[in-house]
Amino acid sequence: MKASQQPRSSVMASRVYHQVKQEVEPYCFPQFPAIDRSLCNSDTSSGSHFSVKNSSEHYCALVSSSAYGSYTVYNSSSSASFSPNRSFMSQQESQSYPSDLHHSPDNTYGSPISGSCITDDVSDLRDKLRELETVMLGPDSDIIDNTISPEMDSWRLVIDAISRGDLKQVLVSCAKAVSDNNLLMAQWLMDELRRMVSVSGEPIQRLGAYMLEGLVARLASSGSSIYKALRCKEPASADLLSYMHILYEVCPYFKFGYMSANGAIAEAMKDEDRVHIIDFQIAQGSQWVTLIQAFAARPGGPPHIRITGIDDSASAYARGGGLNIVGKRLSKLAEHFKVPFEFHAAAMSGCEVQEEHLLVRPGEALAVNFAFMLHHMPDESVSTENHRDRLLRLVKSLSPKVVTLVEQESNTNTAPFFPRFCETLNYYTAMFESIDVTLSRERKERINVEQHCLARDVVNIIACEGPERVERHELLGKWRSRFRMAGFTPYPLSSLVNATIKTLLENYCDKYRLEERDGALYLGWMNRDLVAACAWK
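Conventions used here
- Residues numbered from 1 in each chain as written.
- Predicted model: local features only at pLDDT ≥ 70, side-chain atom pairs only at ≥ 80, totals over all residues.
- Heavy atoms only, no water.
- Buried < 20%, exposed > 50% of the residue type's maximum accessible area, 1.4 Å probe, protein only.
- Helix = DSSP H or I, 4+ residues; strand = E, 2+ residues; numbered from the N terminus.
- Pairing = 2+ DSSP bridges.
- Right-handed = clockwise from strand over helix to strand, strands pointing away.
- Contact = heavy atoms within 4.5 Å.
- Salt bridge = Lys/Arg side-chain N within 4 Å of Asp/Glu carboxyl O.
- Expected span 1.5 Å × (residues − 1).
- Bend = angle between axes of the 7 residues up to and from the residue.
- Axes fitted to C-alpha atoms, helices over the stretch in contact; angles between N-to-C directions.
- Core = buried A, V, L, I, M, F, W, Y, C linked by side-chain atoms within 4.5 Å.
- Domains from an automatic or database assignment.

Per an unreviewed UniProt entry, the protein carries the name Scarecrow-like transcription factor PAT1 and comes from Durio zibethinus.

Here it is in structure tokens:
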């Protein structure tokens, strides 16, 4: 049908569409492709919608004012902010950092957006969109549907999300803009997000503050410079250890993992006289306290236990020293419970471990523990050395009696940026909600726990790529494939372990759930699996 023959409503719709398009473009809206919302749905969050609070409660974050790495600190009265080197500082320490972008001949987009160029006119723009929709709903609306749907629908989605205070949707829209290299849209949404996030707010606001920082860092830098720029000002080692202990106590994730692994080891070693445990990432050695006590109470007497503890410098900082601290602590404990004990320290990264470092001896029953560790090992997508699978083949060659695996149930290893962002948002929303029921929002300890124990992981997943992205989680289904390829077969977990963990969870919120399926145990928050544990031989 020619234009002159089109129905009157269709001609009107076309005219209104182009009028709205011309009036919308000055609002800084570049073309924004439609978002696949199915990637980002989560039923775990109860706080993704909220009323946006006034500016005195805004999170003060450093953001990039262009793709070239210039920065401005936006002042507010919040208690914390990020400095240009990504260090957390008090508001009293916060100050403005002038940007050379104002004077740069390469400045494509002008000075940083200091206020919203959208929200002041949200009502006007939404009225125009409704006017367009009214015309489109006529009998001939199908003629122009294909012309306006993707662009206008995406704009309406973003505007509505901001007006409703739907922080989760605004974060997703911003990540989509970053993924599409849509810099104008990304910068505008970052400015809006700064008004919505808060390190002392609801769970989604607190998580949003750190996810926003990850998006800023991703735009501002690339390659090896990102992770160095992300490093928050490290607390004193004693303080960091204290924050880690608080997280260990207020959430059952670590206790669940350690109890699951210890139960499998105790079951496998119940008739052994000499036991060698290789722990890849022993950290503080806390996992082995209860196992030593359990072996001490074994009918017929305890076995001789030798632990090889592997760990790198990151844990050494939190400990305040080397692995000898762990060895002395466990040796003293074993002596108290009259358990014959040896400790062997292997201060190195898992990537460096070779068979000669493990000192395997004949006549010892071997157990190998991978608790919250293997996801740090680069796989075939990062390096041809593929240390993730290399370690599994190495361990299998030692003929262990049992191998335990505990990992976060999340898919962030090889996923492209945008689905990886959505997965991280959904996963950590559940985790931040679980913290919220135990630690009040006013407690300084909660901010420190989230900042120093969780935020850096979140930012690393979002901002980094290649070898610099060290947080590379996989779902248990993928881990199963790796273990089977290395020659392992499943080792069933004892029903006693399941019952013990159920007793543990009675001390926590009833929103935690424990599920056993396919020979593995899953700990979740509401309907989201967070940690999975299984054993192999």
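A. Geometry of the pairing of strand E8 (residues 365-371). For E8, a buried count of 7 out of 7 residues is recorded, marking the element as mostly surrounded by other parts of the structure. Both faces of E8 are covered, namely the face carrying Ala-365, Ala-367, Asn-369 and Ala-371 and the face carrying Leu-366, Val-368 and Phe-370. As judged from the 5 bridges shared by strand E5 (residues 274-280) and E8, these two strands associate in the parallel manner. Residue pairing in the sheet places His-276 in a bridge with Leu-366 of E8. Summarising the sheet, E8 and strand E9 (residues 402-408) pair through 5 bridges and their orientation is parallel. Paired with Ala-367 across the bridge in E9 is Val-402. Where the polypeptide runs from E8 across helix H13 (residues 387-397) and back to E9, its parallel neighbour, the crossover connection is right-handed.

B. Representation of unusual backbone geometry. A positive phi angle, close to 55°, is found at Asn-181, a residue other than glycine. Structurally, Asn-181 is set in the loop between helix H4 (167-179) and helix H5 (183-194). Of the residues examined, Asn-181 reaches a relative accessible area of 56% and is grouped as exposed.

C. Region of interest: the side chain of Lys-255. On the secondary structure map, Lys-255 appears in helix H9 (residues 253-268). On the basis of relative accessible area, Lys-255 is assigned to the buried category, the value being 16%. Non-local contacts of Lys-255, meaning those with residues more than four positions away in its chain, are made with Tyr-248, Glu-249, Leu-504 and Tyr-508.

D. A look at the pattern of salt bridges. Applying the stated criterion to the full structure yields 27 salt bridges. Linking Arg-194 and Asp-191 is a salt bridge whose minimum nitrogen-to-oxygen distance equals 2.9 Å. Taken together, the residues Arg-194 and Asp-191, both in helix H5 and 3 residues apart, mark about one turn of the helix. Both residues of the pair, Arg-194 and Asp-191, belong to the buried class. Notably, a salt bridge pairs Arg-482 with Glu-380, separated by 3.3 Å at the nearest N-O pair. Placement of the pair is Arg-482 in helix H16 (residues 476-485) and Glu-380 in the loop between E8 and H13, with a sequence separation of 102 residues. Residue Arg-482 is classed as buried on the basis of its relative accessible area of 3%. Overall, Glu-380 belongs to the partly exposed group, its relative accessible area being 44%.

E. Spotlight on the pairing of strand E6 (residues 304-311). Of all 8 residues that make up E6, 8 are buried, and the element is covered over most of its length. On E6, burial covers both faces: His-304, Arg-306, Thr-308 and Ile-310 on one face and Ile-305, Ile-307, Gly-309 and Asp-311 on the other are all buried. Both E5 and E6 contribute to a ladder of 7 bridges, which runs parallel. Considered in E6, the bridge of His-276 is made with Arg-306.

F. Local environment of helix H15 (residues 444-463). Between its first and last C-alpha, H15 extends 26 Å over 20 residues, near the 28 Å set by a 1.5 Å rise per residue. Along its length, H15 reaches its greatest deviation from straightness, about 45°, at Leu-454. Across the 20 residues that make up H15, a large majority, 17, are buried.

G. Region of interest: the sheet that holds E9. With mixed pairing, the 8 strands of this open sheet are ordered in space as E7-E6-E5-E8-E9-E12-E11-E10. Whereas interior strands pair on both sides, the edge strands pair on one side only; in this sheet they are strand E7 (341-347) and strand E10 (512-517). Pairwise comparison of adjacent strand axes, ignoring direction, gives a mean angle of 15° for this sheet.

H. Region of the structure containing the nonpolar core. Residues Leu-215, Ile-277, Val-402, Phe-421 and Tyr-428 are the most contacted members of the largest nonpolar core, which totals 102 residues. Counting the residues that make up this core, at least three belong to each of domain 1 (151-233 + 418-472) and domain 2 (252-409 + 479-536). For Val-402, the contacting residues outside a window of four places in its chain are Ala-264, Ile-265, Ala-268, Met-269, Leu-366, Ala-367, Val-368, Tyr-491, Ala-535 and Trp-536. Within the second largest apolar cluster, 30 residues are counted, among which are Leu-358, Leu-394, Phe-483 and Ala-486.

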